[in-house]
Amino acid sequence: MPEDIFSQLALGTIIDGYDRVFVLFIPKELAKDAIDILRIRMNIYSGEGFVEYIGLERKN
């Protein structure tokens with residue numbers, strides 16, 4: 001991953017019922033403009049998880 005992208009990465013957690021969604025993203029001034037890199041969904045009871053989204057495209 002290029003250093004200019006790596007240095008900007010942030011991690012967030014979304015609570016969705018019994019699931020926790022961990023989001024690796026590049027924040028922007030407006031939340032709607034943030035660039036999602038990876039989303040992983042994990043169930044807090046079963047421990048099951050899966051990669052929900054992988055992407056890395058720049059918004060202009």
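See above for the structure.
Okay, so let's go over this structure. (Residues numbered from 1 in each chain as written. Predicted model: local features only at pLDDT ≥ 70, side-chain atom pairs only at ≥ 80, totals over all residues. Heavy atoms only, no water.)

1. Notes on the environment of Ile14
Considering the arrangement of structural elements, one finds Ile14 in strand E1 (residues 10-16). Given a relative accessible area of 37%, Ile14 falls into the partly exposed group. Separated by 27 residues in the primary sequence, Ile14 and Arg41 place their C-alpha atoms 9.2 Å from one another. Residue contacts for Ile14: discarding those within four places in its chain leaves Asp19, Arg20, Val21, Val23 and Arg39. (Helix = DSSP H or I, 4+ residues; strand = E, 2+ residues; numbered from the N terminus. Buried < 20%, exposed > 50% of the residue type's maximum accessible area, 1.4 Å probe, protein only. Contact = heavy atoms within 4.5 Å.)

2. A few points about the packing of aromatic side chains
Evaluation of the coordinates by the stated rule reveals one aromatic pair. Ring geometry for Tyr18 and Tyr45: centres 5.0 Å apart, planes at 80°, overall edge-to-face. Placement of the pair is Tyr18 in the loop between E1 and strand E2 (19-26) and Tyr45 in the loop between strand E3 (35-43) and strand E4 (49-54), with a sequence separation of 27 residues. Judged by relative accessible area, Tyr18 falls into the exposed class, the value being 54%. (Phe/Tyr/Trp six-rings, centres within 6.5 Å; stacked < 30°, edge-to-face > 60°.)

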